[in-house]
Amino acid sequence: GKAMIDSKGTTIKNLSKAAEGRAAFVQLIALKPLASEAQLWQAADQTVNAFLEKANFVNQPGLEFLLRVSGRKQLPQALDLLEVKEGLNDCLLVACAETPLLAKATFLGAAKALSFVEEPGLLSESTKKNKAFLAQTYGLTPEALKVCPLEELVLETIAMVALES
């Protein structure tokens, strides 16, 4: 979807407030570095498993999710890649919680606080438009891209973070 960011500090406070008092986290991330919806699901699964297996890199699930979705082990690198900028952003709002109902409530609260507007199909458009950026970001060679779809190669790349933890 799209979100207008006037202040990063206010945005972070609004995200925190949306998840406050719930066993949940919510993140607003730039769309450009994402290759597919499967990347988000895989990162969420890796995040949950990292905490269950005590293999997490950081102590906050929301930040762990950013590491996993970016395929980075260093938080500053993940934040640099995924952060939204001030102004109008093509972005993704993600809420993860213990139950689907709690996740939806957290998402809706954050969406309202951020004036987030959903735009179906925007992720797919972004992936098509940003293939060269994605290939460079995830270290994908032209040879590999001839053999396997970009989305699958990105999933394989970010899965390596889980194996290295």
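Residues numbered from 1 in each chain as written. Predicted model: local features only at pLDDT ≥ 70, side-chain atom pairs only at ≥ 80, totals over all residues. Heavy atoms only, no water.

Observations concerning helix α5 (residues 100-114)
For an α-helix, 3.6 residues make a turn, and residues three or four places apart therefore share a direction. With 15 residues, α5 extends 21 Å from end C-alpha to end C-alpha; this agrees with the ideal 21 Å at 1.5 Å per step. Looking at the buried residues of α5, the elements they touch are β1 (2-5), α1 (8-19), β2 (24-30) and β3 (87-97). Downstream of α5 by a residue or two, S115 has a phi angle that is positive, lying close to 55 degrees. (Helix = DSSP H or I, 4+ residues; strand = E, 2+ residues; numbered from the N terminus. Expected span 1.5 Å × (residues − 1). Contact = heavy atoms within 4.5 Å.)

Description of the pattern of salt bridges
Throughout the structure, instances matching the rule amount to four salt bridges. When the shortest N-O distance is used, the salt bridge between D90 and K2 registers 2.3 Å. You can see D90 sitting in strand β3 and its partner K2 sitting in strand β1, a full 88 residues away along the chain. For R68, the salt bridge is made with E64, and the minimal N-O distance between the two is 2.8 Å. Here the residue R68 and the residue E64 both occupy positions in helix α3 (residues 61-70), the gap between them amounting to four residues, near one helical turn. (Salt bridge = Lys/Arg side-chain N within 4 Å of Asp/Glu carboxyl O.)

Considerations on the sheet that holds β3
Sheet architecture is open: three strands sit in the order β1-β3-β2, paired in antiparallel fashion. Two strands in the sheet have a free side with no partner beyond their single neighbour: β1 and β2. With direction set aside, neighbouring strand axes in the sheet form an average angle of 45 degrees. Where β2 and β3 come together, seven bridges link them in antiparallel fashion. Pairing of A24 across the sheet is with A97, part of β3. α1 contacts β1, β2 and β3 of the sheet and is inclined by roughly 150 degrees relative to β2. (Pairing = 2+ DSSP bridges. Axes fitted to C-alpha atoms, helices over the stretch in contact; angles between N-to-C directions.)

Brief notes about the packing of α1 against α5
Packing of α1 against α5 leaves a shortest axis separation of 8 Å and a crossing angle of 150 degrees. It follows that α1 is roughly antiparallel to α5 by the angle criterion. Crossing geometry of α1 relative to α5 is assigned as right-handed. On α5, the residues touching T11, N14, L15, A18 and A19 of α1 are T106, G109, A110, A113 and L114. Its residues placed into classes, the contact of α1 with α5 shows six nonpolar, four polar and no charged. (Parallel < 35°, antiparallel > 145°, perpendicular 65-115°, else oblique. Left-handed = near helix turned anticlockwise from the far one by under 90°. Nonpolar A, V, L, I, M, F, W, Y, C, P; charged D, E, K, R; others polar.)

Digging into the pairing of β1
Only one face of β1 is buried, namely the one carrying A3 and I5, since none of K2 and M4 on the opposite face is buried. Bridging between β1 and β3 involves four bridges; their strand directions are antiparallel. If you follow A3 over to β3, its bridge partner there is N89. (Buried < 20%, exposed > 50% of the residue type's maximum accessible area, 1.4 Å probe, protein only.)

Side note on the nonpolar core
Residues I29, L34, L40, F65 and V69 are the most contacted members of the largest nonpolar core, which totals 27 residues. Looking at this core, the elements that each hand over two or more residues are β2, α2 (37-52), α3, α4 (75-82), β3, α6 (122-129), α7 (131-137) and α9 (150-164). With five residues, the top contributor of residues to this core is α9. Each residue touching V69, except ones within four places of it in the same chain, is listed here: I29, L34, Q39, L40, A43, L82, Y138 and I158. Membership of the second largest hydrophobic core comes to 16 residues, among which are A3, I5, C91 and A95. (Core = buried A, V, L, I, M, F, W, Y, C linked by side-chain atoms within 4.5 Å.)

Quick notes on the environment of V84
If you trace the backbone, V84 turns up in the loop between α4 and β3. Classification of V84 by relative accessible area gives buried; the value is 8%. For the pair V84 and E119, spaced 35 residues apart in sequence, the C-alpha to C-alpha distance is 17 Å. In contact with V84, not counting residues within four places along its chain, are I5, K8, L28, I29, A30, N89 and C91.

Distances and angles like these do not, on their own, reveal function.
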